[in-house]
Amino acid sequence: MLPPGADGVVGTADDPLALPLLTSGAQSPTMNILAPGPGGTPSVGTLNPGDTGQGEWTIRGDMEGYYTINFGIAATLEGLPTGPFQLAGTATGGVLVRNPYFDMTFTVPGVVRKGELFNVFATVTNISQAAANNLTVNFNQGSTSGVTLVSPPQPVISTLNAGDSTTLTFQFTSLQTGQVVASYLNFDTSNGTTGSLNFSLGVYANGTPESPDTLVLPSSVDNLPTDVVDAAMRVLGQAWSVATAPSAIFTSESMQNGQEAGSQKPNR
């Protein structure tokens, strides 16, 4: 069950995700979960005790941002004295559609309490092959939940060279006790090298899924000197960007330009 777009209707032109047409034909939103057959290839539609089955879709991302995908699960349990029994359940996953020019990593505290001040570190990495100028990072007030921004607007990033990164610090007040979740939204641009990177933030008590680019800090970090934390956030954010960006992005050329990126994509 893919998420709808702004019109609230699935299957229209503004949907952020879609099931594309493959060379093998159209994809169905419903498929059988298959267990491996005698040759190891998934081909058996019955899961015996201890078996693991799988199904696979190819999804196309049409809009930047983090989106939740819901799965409805149905099965027939056999072998009971009363006969077959129908089962139903749900599962939830997420897809992050990245920007091809910039990568954003968020570092947040694990849990905050109501009325508590806390910092969110947003690390922006230029994963393009050209320098970017006059970038801004904005917190989207319309996509917030349970927090209030108390810090002033962040300064414009005048220049961000290819492969380089910078970290901005936003301070919030929590309006409730819960888990901090930051999500990248989109990049407003006309030419791909300058514009505004937008993100949202919320504090949730119900375990809302996090973006895969959100890194959680333990509370003991609050006892460290500020300059140590600031330096560590830049290294941590850039390391995660290098680990998740395509391997061709960070090359020996960026090393010659004085950047901290390696020539190969490291393991996470």
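Treat the numbers as computed from the prediction; the structure is a model and nothing was measured.

Calculation rules
As a convention, each chain's residues are numbered from 1 in the sequence order in which they are written. In view of the model being predicted, local features appear only for residues whose pLDDT reaches at least 70, and side-chain atom pairs are presented and counted only at 80 or more, with totals across whole chains, interfaces and linings using the full set of residues. Values shown for side chains rest on all heavy atoms present in the structure; no hydrogens or waters enter the calculation. Pairing between strands is defined by DSSP: at least two bridges between them are needed. The secondary structure listing takes helices from DSSP runs of H or I that are at least 4 residues long and strands from runs of E that are at least 2 residues long, numbered from the N terminus. For this analysis, a nonpolar core means a set of buried residues of the types Ala, Val, Leu, Ile, Met, Phe, Trp, Tyr and Cys, connected via side-chain atoms within 4.5 Å. Burial classes follow relative accessibility: with a 1.4 Å probe on protein chains only, a residue under 20% of its type's maximum area counts as buried, one over 50% as exposed, and anything between as partly exposed. Here, residues are in contact when the closest pair of their heavy atoms is within 4.5 Å. Here, a salt bridge means any side-chain nitrogen of Lys or Arg that lies within 4 Å of a carboxyl oxygen of Asp or Glu.

Take the sheet that holds strand β8 (residues 111-112) next. Strand order in the open sheet made by the 5 strands is β8-β14-β15-β10-β12, with mixed pairing throughout. Each edge of the open sheet carries a strand with a single partner, namely β8 and β12 (157-160). Here strand β14 (residues 178-189) runs beside strand β15 (residues 195-204); their pairing, made up of 10 bridges, is antiparallel. Note on β15: the bridge partner recorded for Thr189 is Gly195.

In this structure, Phe102, Met104, Phe118, Val137, Phe172, Leu197 and Leu201 are the most contacted members of the largest nonpolar core, which totals 27 residues. Elements with a contribution of two residues or more to this core: β7 (102-109), β9 (117-126), β10 (132-139), β12, β13 (165-174), β14 and β15. Not counting the four nearest positions on each side in its chain, Phe118 is found in contact with Pro109, Val112, Val147, Phe170, Gln171, Phe172, Thr173, Ser174, Val180, Leu201 and Val203.

Opposite charge on two side chains allows them to pair when their charged atoms are near. Summed over all chains, the structure comprises 1 salt bridge. For Arg60, the salt bridge identified is with Asp62, shortest N-O distance 2.8 Å. You can call Arg60 partly exposed: its relative accessible area is 38%.

Just distances and angles here, no functional claims.
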